[in-house]
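Spelled out, the chains give:
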Amino acid sequence: SEIVFWASVRFHKVFGLSLSIFEIDSSFNIGELEKRKQANIQQLEEEGIIHSNKELNLPMIIQKIAIIGAHGTAGFYDFIKHLEHNQHNYQVSYDVFQSSVQGINAPSELINAFKKASQSDYDAIVFIRGGGSKLDLDAYNHLELCRIVATSSIPILSGIGHEIDISIIDIVSHSSFKTPTAVAGFIINRMQYYESALYNNYILIAQTAQARISQNKEMLEGIIQSLSRDPISTCKLKRADLHNLSNQVIRIVNQEIAISHEELGTKSQELFSLSDTLLK
């Protein structure tokens, strides 16, 4: 690495040369870090993997997560507190994979922690830390770390704790947030949205079922009324038909009797006339 500083060189007869540093130009360091960061981003783009993790399907209900960070830090505590003490009493199972979050050993420790977490079936893996300067966040720009995160088969959530600067981990993650608390809020809000959608579907199903029951009930009542009304109407109609038919039969019989009576009278007169003639 390279640094720019103001110093003085001294010579001692016993101890030899010594270097006294009075001031370090950190802006030069930050400039070099930014160049390396942009080179790593370009490398991931050329490999075609920079957005691979974003294409994964993140479960609506995130119930089992792996946390990669420094246990006991403020950011870690805020994340766990917000997750465990949510107002909806949602339960989230988590495992912690301890790692340094800054310093020369941070990249290798983060990589090892991530590889261990990737061996289990988690809904998501979460990177968290409580913020820091550009130099502090440089571990999250490490090329190898960002490469294995980008190509992970598990969705990655990042809450590195920065307001302005964006780490490469944020770019390659499925979803990134400014703070660890924001990550926890995202997980809880996602559960609440799912519960609300489920409840709304329940209400819709209940209303639809009730409307269908009411509709079928009215139809059934109409059929019952029709069945109870039609036989009576049919009986009345058939009785009227029977009465009319009976009257017709009586009328026809009476007519036949009258005709027969008239014919009988005629025949009787003819017989009497014939009798008188024969007796004379």
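This text goes with the structure placed above it.
Rules of the game
- Residues numbered from 1 in each chain as written.
- Predicted model: local features only at pLDDT ≥ 70, side-chain atom pairs only at ≥ 80, totals over all residues.
- Heavy atoms only, no water.
- Helix = DSSP H or I, 4+ residues; strand = E, 2+ residues; numbered from the N terminus.
- Buried < 20%, exposed > 50% of the residue type's maximum accessible area, 1.4 Å probe, protein only.
- Contact = heavy atoms within 4.5 Å.
- Areas by Shrake-Rupley, 256 points an atom, 1.4 Å probe, with all protein chains shown as cover.
- Salt bridge = Lys/Arg side-chain N within 4 Å of Asp/Glu carboxyl O.
- Phe/Tyr/Trp six-rings, centres within 6.5 Å; stacked < 30°, edge-to-face > 60°.
- Lys NZ or Arg CZ within 6 Å of the ring centre and 35° of its normal.
- Pairing = 2+ DSSP bridges.
- Axes fitted to C-alpha atoms, helices over the stretch in contact; angles between N-to-C directions.
- Core = buried A, V, L, I, M, F, W, Y, C linked by side-chain atoms within 4.5 Å.

Caption draft 1: Expanded view of the overall build of the protein chain. Helix and strand counts for the protein chain come out as six helices and seven strands. Counting from the amino terminus, the protein chain carries its helices and strands in the arrangement β-β-α-β-α-β-α-β-α-β-α-β-α. The buried share of the protein chain, reckoned over its 280 residues, is 29%. Put simply, 69% of the contacts in the protein chain that link residues at least 6 apart link residues at least 24 apart. Carbon and sulfur atoms make up 56% of the accessible area of the protein chain, which amounts to about 18,700 Å² in all.

Caption draft 2: Inspection of the pattern of salt bridges at higher detail. Applying the stated criterion across every chain yields a total of three salt bridges. Between Glu47 and Arg147 there is a salt bridge, with the nearest N and O atoms lying 2.8 Å from each other. Of this pair, Glu47 sits in helix H1 (residues 26–47) while Arg147 is found in helix H4 (residues 143–150), placing the two residues 100 residues apart along the sequence. For Arg147, a relative accessible area of 23% translates into the label partly exposed. Two residues, Glu144 and Arg147, come together in a salt bridge whose shortest N-O distance is 3.0 Å. Residue Glu144 and its partner Arg147 are located together in helix H4, separated by three residues, close to a single helical turn. Overall, Glu144 belongs to the partly exposed group, its relative accessible area being 33%. If you follow the salt bridges from partner to partner, you end up with Glu47, Glu144 and Arg147 in one network.

Caption draft 3: Inspection of unusual backbone geometry at higher detail. With a phi angle near 65°, Asn89 is a residue other than glycine that sits in the positive phi range. With respect to the secondary-structure elements, Asn89 resides in the loop between helix H2 (74–84) and strand S4 (93–98).

Caption draft 4: The packing of aromatic side chains, seen in detail. For the structure shown, the criterion picks out five aromatic pairs. For the ring pair Phe127 and Tyr140, a centre distance of 6.5 Å and an interplane angle of 90° mean the geometry is edge-to-face. With Phe127 in strand S5 (residues 124–128) and Tyr140 in the loop between S5 and H4, the pair connects residues that are 13 residues apart, well separated along the chain. Assessed through its relative accessible area of 0%, Phe127 is described here as buried. For the ring pair Tyr199 and Tyr202, a centre distance of 6.3 Å and an interplane angle of 35° mean the geometry is tilted. Within this pair, Tyr199 and its partner Tyr202 are both found in helix H6 (residues 180–279), separated by three residues, close to a single helical turn. Here Tyr199 matches Tyr202 in class, with each residue exposed. Geometry around Tyr122 places Lys64 over its ring, the cationic atom sitting 5.4 Å from the centre.

Caption draft 5: Structural detail: the side chain of Asn141. Tracing the backbone shows Asn141 in the loop between S5 and H4. Excluding anything up to four places from it in sequence, Asn141 contacts Lys37, Asn40, Cys146, Ser167 and Ile168.

Caption draft 6: Region of interest: the sheet that holds S5. Strand order in the open sheet formed by five strands is S4-S3-S5-S6-S7, with parallel pairing between adjacent strands. A strand with exactly one partner marks an edge of an open sheet, and here the two such strands are S4 and strand S7 (175–177). Neighbour-to-neighbour, the strand axes of this sheet turn through a mean angle of 20°, independent of strand direction. Where strand S3 (residues 64–69) and S4 come together, six bridges link them in parallel fashion. Residue pairing across strands places Ile68 opposite Phe97, the latter belonging to S4.

Caption draft 7: Molecular detail of the environment of Tyr193. Turning to its location among the elements, Tyr193 is positioned in helix H6. Assessed through its relative accessible area of 57%, Tyr193 is described here as exposed.

Caption draft 8: The arrangement of the nonpolar core in detail. If you look at the biggest cluster of nonpolar residues, it comprises 32 residues, and the most contacted ones within it are Ile68, Phe114, Ile125, Phe127 and Val149. In terms of residues, this core owes the most to one element, helix H3 (residues 106–117), which gives six residues. In contact with Phe127, other than residues within four places in its own chain, are Ile68, Leu110, Phe114, Tyr140, Leu145, Val149, Ile156, Leu157, Ser158, Gly159 and Ile160. Counting 20 residues, the second-largest nonpolar core is a separate cluster that includes Leu58, Ile65, Ile128 and Ile188.

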